[in-house]
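The residues making up each chain are set out below.
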Amino acid sequence: MPSKVTFQSQGIKLAGNLYLPENTQPKKHATIVIGHPGGGVKEQTAGLYAEKLCNLGFITLAFDAAYQGESEGLPRYLEDPAQRVEDFKSAVSYLTTLKEVDPERIGVLGICAAGGYATCAAQTDVRIKAVAGISSADTGELWREGMNGSLSFEDLQKGLQECARQRTREARGEQPYLSNWVPKTAADAEALPPRSLYREAYDYYRTPRAQHPNSTNAYVFRSMDKLVQFSAFNFVHLIAPRPILLIAGTDADTKYLSEKAIQKAKEPKELFLVSGASHVDLYDVLKYVDPVTQKLGQYFSQYLVDY
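We now turn to the structure provided with this report. What you see is a predicted model, and the numbers here were worked out from it, not measured in a lab.

## Here's the deal with the packing of aromatic side chains
Overall, the coordinates contain 14 aromatic pairs when judged by the stated rule. Between the aromatic rings of Phe7 and Phe63, the centroid separation amounts to 6.0 Å while the plane-to-plane angle is 70°, which identifies the pairing as edge-to-face. Pair noted here: Phe7 is in strand E1 (residues 3–9) and Phe63 is in strand E4 (residues 59–63), with a separation of 56 residues, a long-range link. Each member of the pair, Phe7 as well as Phe63, carries the same accessibility label: buried. On the numbers, 5.0 Å between centres and 65° between planes, the contact of Tyr299 with Phe300 is edge-to-face. In textbook terms, an aromatic cluster arises when at least three aromatic residues are bridged by ring pairs, as seen for Phe7, Phe63, Phe88 and Tyr94. Just above the ring of Tyr77 sits the side chain of Arg76; from NZ or CZ to the centre is 5.9 Å.

This is the structure we're talking about:
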């Protein structure tokens with residue numbers, strides 16, 4: 001069972017689950033920080049990978065981002081990419097204070113949106129010795145352009161105009177307007193293309209498959225004006241000479257985001273494709289999760305070396 005921990009991120013108290021291998025003595029251990037998808041919480045796919053990587057001998061920390069889950073922060077369900085990047089850096093800072101952790105052997109792993117945030121954090125925080133992403137998404141590009149460029153400039157402008165109106169309403173005392181990450185109903189989900197991210201995300205988040213009371217399918221709509229300004233991968237080349245590994249399913253509609261990021265990155269870099277897997281398959285479908293965990297174990301063992 002993990003231990004519940006808390007740490008500060010720019011004055012916001014974050015909640016995490018810390019997983020320790022059975023034998024943490026006498027040496028300090030390599031450690032991996034794990035971030036959840038947008039709209040997710042640490043008890044879902046992030047926790048699954050945290051447990052599996054802990055079983056391979058790593059200390060792991062899965063945490064709730066600011067404004068999400070058991071972490072603090074107001075307004076609730078704000079998706080602030082700058083804060084989410086800082087959350088990863090703050091998690092690293094926290095881990096350096098633990099006696100079981102080797103501060104020179106800390107890596108990060110992000111899933112979906114957190115794949116972008118983890119990569120962004122590693123670009124300038126050189127304490128992060130290795131970064132990996134699963135089904136990585138650049139939330140900035142997705143909010144600016146839509147999936148595969150499906151959002152028109154006119155619709156983008158309409159969204160930003162509504163963000164401005166929402167900010168004005170909140171200034172006058174109204175509550176933030178909440179939108180939904182994934183379809184609200186099964187019928188809405190079934191209207192989307194088969195195997196697509198948002199169709200499959202409904203099944204993951206809104207059914208007993210992975211539903212969690214702290215994952216409410218809500219985000220503050222005006223988060224859009226923060227997201228549109230964000231770019232997860234613009235400076236990915238700064239990670240070198242530290243390594244980057246991005247993992248994506250061959251059937252994922254978001255695969256192109258990992259491909260673009262790897263093209264921009266410098267060596268050492270790798271794009272690991274999982275045959276037949278969609279974006280959401282890599283969250284919890286064990287026939288895909290197990291080989292991904294094996295790959296991650298090999299990767300972090302190689303680069304979080306005990307000298």
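## Section: the pairing of E4
For E4, a buried count of five out of five residues is recorded, marking the element as mostly surrounded by other parts of the structure. Burial along E4 is two-sided: the face carrying Ile59, Leu61 and Phe63 and the face carrying Thr60 and Ala62 are both buried. This β-α-β element, strand E3 (residues 29–35) to helix H1 (residues 45–55) to E4, shows right-handed connectivity.

## Brief notes about the environment of Thr6
Topologically, Thr6 is positioned in strand E1. Through-space distance from the C-alpha of Thr6 to that of Leu18 is 9.7 Å; in sequence the pair is twelve residues apart. When neighbours within four sequence positions are excluded, Thr6 is seen to be in contact with Lys13, Leu14, Ala15 and Tyr94.

## Side note on the pattern of salt bridges
Per the counting criterion, the structure on display carries 24 salt bridges. A salt bridge links Arg195 to Glu200; its shortest N-O distance comes to 3.3 Å. Each of Lys4, Lys42, Glu43, Asp64 and Glu70 takes part in one network of salt bridges that share partners.

## Examining the nonpolar core
One finds Tyr49, Leu109, Leu296 and Phe300 to be the most contacted residues of the largest nonpolar core, which totals 93 residues. Sort the elements by how many residues they give to this core and helix H3 (residues 113–124) lands first, with seven residues.

## So, the pairing of strand E9 (residues 244–249)
The element E9 is extensively covered by neighbouring structure, given that six of its six residues are classed as buried. Burial along E9 is two-sided: Ile244, Leu246 and Ala248 and Leu245, Ile247 and Gly249, pointing in opposite directions, are all buried. The pairing of strand E6 (residues 128–134) with E9 spans four bridges and is parallel. Note that in E9 the partner of Ala132 across the bridge is Leu245.

## What to know about the sheet that holds E6
Overall, mixed pairing links the eight strands, which are arranged E1-E2-E4-E3-E5-E6-E9-E10 in an open sheet. Here the strands that pair on one side only, and so sit at the sheet edges, are E1 and strand E10 (269–274). If you compare each strand with its neighbour and ignore which way they point, the axes differ by 25° on average. Bridging between E1 and strand E2 (residues 12–19) involves seven bridges; their strand directions are antiparallel. Looking at the pairing, Lys4 lines up with Asn17 of E2. The strands touched by H3 within the sheet are E3, strand E5 (101–111), E6 and E9, with E5 carrying the most contacts at an inclination of about 140°. Across the sheet, helix H11 (residues 286–303) touches E3, E5, E6, E9 and E10, and the angle it forms with E6 is around 165°.

## Description of the packing of H1 against H11
At a closest axis distance of 10 Å, the pairing of H1 and H11 adopts a crossing angle of 50°. As summarised for this structure, H1 and H11 are arranged oblique, according to the angle between their axes. For H1 against H11, the interelement crossing comes out right-handed. Along the contact surface, H1 presents Leu48, Tyr49, Lys52 and Leu53, while H11 presents Leu286, Val289, Asp290, Val292, Thr293, Leu296 and Gly297. When its residues are assigned to classes, the contact of H1 with H11 shows seven nonpolar, two polar and two charged.

## Let's talk about the state of the cysteines
Considering all chains together, one arrives at zero disulfides under this definition. Free cysteine Cys120: the closest other cysteine sulfur is in Cys112, separated by 16 Å.

## Focus on the packing of helix H2 (residues 81–95) against H3
When two helices pack together, you describe them by how their axes are tilted relative to each other and by the distance separating the axes. Relative to each other, H2 and H3 sit at 65°, their axes nearing to 8 Å. In terms of orientation, H2 lies roughly perpendicular with respect to H3. Like other packed secondary-structure pairs, H2 and H3 cross with a definite hand, here right-handed. Side by side, H2 and H3 meet where Pro81, Arg84, Val85, Phe88 and Lys89 of the first sit next to Ala113, Ala114, Tyr117, Ala118, Cys120, Ala121 and Thr124 of the second.

## Digging into H1
Among all positions in H1, only Thr45, Ala46, Gly47, Tyr49, Ala50, Leu53 and Cys54 are buried. Gly57 lies just past H1 and shows a positive phi near 110°.

Calculation notes
Residues numbered from 1 in each chain as written. Predicted model: local features only at pLDDT ≥ 70, side-chain atom pairs only at ≥ 80, totals over all residues. Heavy atoms only, no water. Phe/Tyr/Trp six-rings, centres within 6.5 Å; stacked < 30°, edge-to-face > 60°. Helix = DSSP H or I, 4+ residues; strand = E, 2+ residues; numbered from the N terminus. Buried < 20%, exposed > 50% of the residue type's maximum accessible area, 1.4 Å probe, protein only. Lys NZ or Arg CZ within 6 Å of the ring centre and 35° of its normal. Right-handed = clockwise from strand over helix to strand, strands pointing away. Contact = heavy atoms within 4.5 Å. Salt bridge = Lys/Arg side-chain N within 4 Å of Asp/Glu carboxyl O. Core = buried A, V, L, I, M, F, W, Y, C linked by side-chain atoms within 4.5 Å. Pairing = 2+ DSSP bridges. Axes fitted to C-alpha atoms, helices over the stretch in contact; angles between N-to-C directions. Parallel < 35°, antiparallel > 145°, perpendicular 65-115°, else oblique. Left-handed = near helix turned anticlockwise from the far one by under 90°. Nonpolar A, V, L, I, M, F, W, Y, C, P; charged D, E, K, R; others polar. Disulfide = S-S within 2.5 Å.

Function cannot be inferred from these measures alone, as they are strictly geometric.
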